[in-house]
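# Working through the structure, step by step
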Amino acid sequence: MPDITPQIKAEILSEALPYIQRFLDKTIVIKYGGNAMIDEELKDGFASDVVLLKLVGMNPVVVHGGGPQINDLLDRIGKKGEFIQGMRVTDAETMDVVEMVLGGHVNKEIVSLINKHGGKAVGLTGQDGHFIRARKMMLKDNMGENNIDIGQVGEIQSIDPSIVLHLDAADFIPVIAPIGVDATGESLNINADLVAGKLAEVLKAEKLILMTNTPGVLDKEGNLLTKLTARRIDELFADGTISGGMLPKISSALDAAKSGVNAVHIIDGRVKHALLLEVLTEQGVGTMIRAK
Ligand SMILES: Nc1ncnc2c1ncn2[C@@H]1O[C@H](COP(=O)(O)OP(=O)(O)O)[C@@H](O)[C@H]1O
Ligand SMILES: CC(=O)N[C@@H](CCC(=O)OP(=O)(O)O)C(=O)O
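Residues numbered from 1 in each chain as written. Chains lettered and ligands numbered in written order. Predicted model: local features only at pLDDT ≥ 70, side-chain atom pairs only at ≥ 80, totals over all residues. Heavy atoms only, no water.

For the record, the criterion: UniProt positions are given in the numbering used here, feature names are shortened, and annotations may be inferred rather than shown by experiment.
For the protein chain, an unreviewed UniProt entry supplies the name Acetylglutamate kinase and the organism Deefgea tanakiae. The UniProt entry for the protein chain carries the following comment under Function (unreviewed entry): "Catalyzes the ATP-dependent phosphorylation of N-acetyl-L-glutamate." Recorded under Sequence similarities (unreviewed entry), the UniProt text for the protein chain is reproduced unchanged: "Belongs to the acetylglutamate kinase family. ArgB subfamily."

Written as structure tokens, this is what we have:
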């Protein structure tokens, strides 16, 4: 780190004041993608940033992914992860792995890191109080004609915000794994971006921040697109610029923006303290998604 005088340090701290005032008591939904959980230092920095936001009076709500971590465990049991249109094909055995990795390992790791930094994190899946209700998702083939069955994958029907609101009010930090429950009580695997977007909508969040492993949304030449509107997103979908895991991410970001979430950002979670840069400084990092 370059030498910074105490005076400059004090000025940087003082520049955060307007942001702290603007976001006081506001809900910020943060999606922490599995691809941004690269190393211990980054994960630790993420957890300390979340605690800082809570202590200065905001309500951070964490939704995490864990796609690469699920793939690792599938590899170990000799099973290959398969995705169609950004969604994991989830048979019963894969669903067990998803519950172990998302509901167990990844969720508890984030909870314990936040707690280590002095926050009070509580881990949840949509099974808790049945707060994320879902039904089986069916995809359409390229012609839009035939259904593709991708197994135990959920499409969100409703999210009951009350557990999260109670936790926020009592100064806890909710950490949510993207697992939903259907009408029969069975668990369904849901893409974490979709959970984060819908949660931001039902909580009437001020901000939705999707942390991933690219500088933001890139055009075909690899240039960062700093602002995107619905119309431009349609073009990028149509010409194939957006693919894979970016498909559900952008759809969810756009739905959240259309439903009234003020600021929706896709940012590079591999940058140390990306969250603080996004919330507390003028530094615009990544891509901002707007309805118009
Ligand atoms: N136009 C695009 N700009 C940036 N990334 C894109 C684009 N199209 C597809 N992607 C892919 O989307 C990935 C991010 O989604 P995903 O792998 O699901 O990450 P996460 O685990 O953070 O949700 C990027 O690593 C990149 O490979
Ligand atoms: C249905 C579906 O695809 N579910 C995802 C859930 C985890 C996730 O979304 O993780 P990332 O945010 O790290 O990609 C999966 O099984 O990988």
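### What about helix 7 (residues 192-202)?
Three or four residues apart is the spacing at which side chains of an α-helix point the same way, because the helix has 3.6 residues per turn. The condition is simple: Between buried and exposed lies partly exposed: a residue is buried under 20% and exposed over 50% of the maximum accessible area for its type, with that area taken using a 1.4 Å probe on protein chains only. Helix and strand definitions follow DSSP, with helices as H or I runs of at least four residues and strands as E runs of at least two, each counted in order from the N terminus. Under the rule applied, a polar contact is a pair of N or O atoms within 3.5 Å (in protein, one hydrogen donor and one hydrogen acceptor; residues adjacent in sequence only if both atoms are side-chain atoms).
What helix 7 keeps buried is the set Ala192, Asp193, Val195, Ala196, Gly197, Leu199 and Ala200. Backbone nitrogen of Asp193 and a side-chain oxygen of the N-cap are separated by 2.9 Å at the start of helix 7; the cap is Asn191. One or two steps after helix 7, the chain reaches Lys204, where phi turns positive at roughly 55°.

### Considering the side chain of Lys207
This is how the line gets drawn: Should any heavy atoms of two residues lie within 4.5 Å, those residues are considered in contact.
Looking at the element boundaries, Lys207 is found in strand 11 (residues 207-212). In terms of polar contacts, Lys207 uses its side chain to reach the side chain of Glu278, at 2.9 Å. With near-sequence residues (within four places) excluded, Lys207 lies in contact with Phe23, Thr27, Ile28, Val29, Val261, Ala263, His265 and Glu278.

### What about the packing of aromatic side chains?
Stated formally: Think of it this way: a Phe, Tyr or Trp ring, Trp meaning its six-membered ring, pairs with another when their centres are within 6.5 Å, and the plane angle makes it stacked under 30 degrees, edge-to-face over 60, tilted otherwise. Placement of a charge over a ring requires the Lys NZ or Arg CZ to be within 6 Å of the ring centre, with the centre-to-atom vector within 35 degrees of the ring normal.
Overall, the coordinates contain one aromatic pair when judged by the stated rule. One residue, Lys120, lies across the ring of Phe172, its end atom 4.4 Å from the ring centre.

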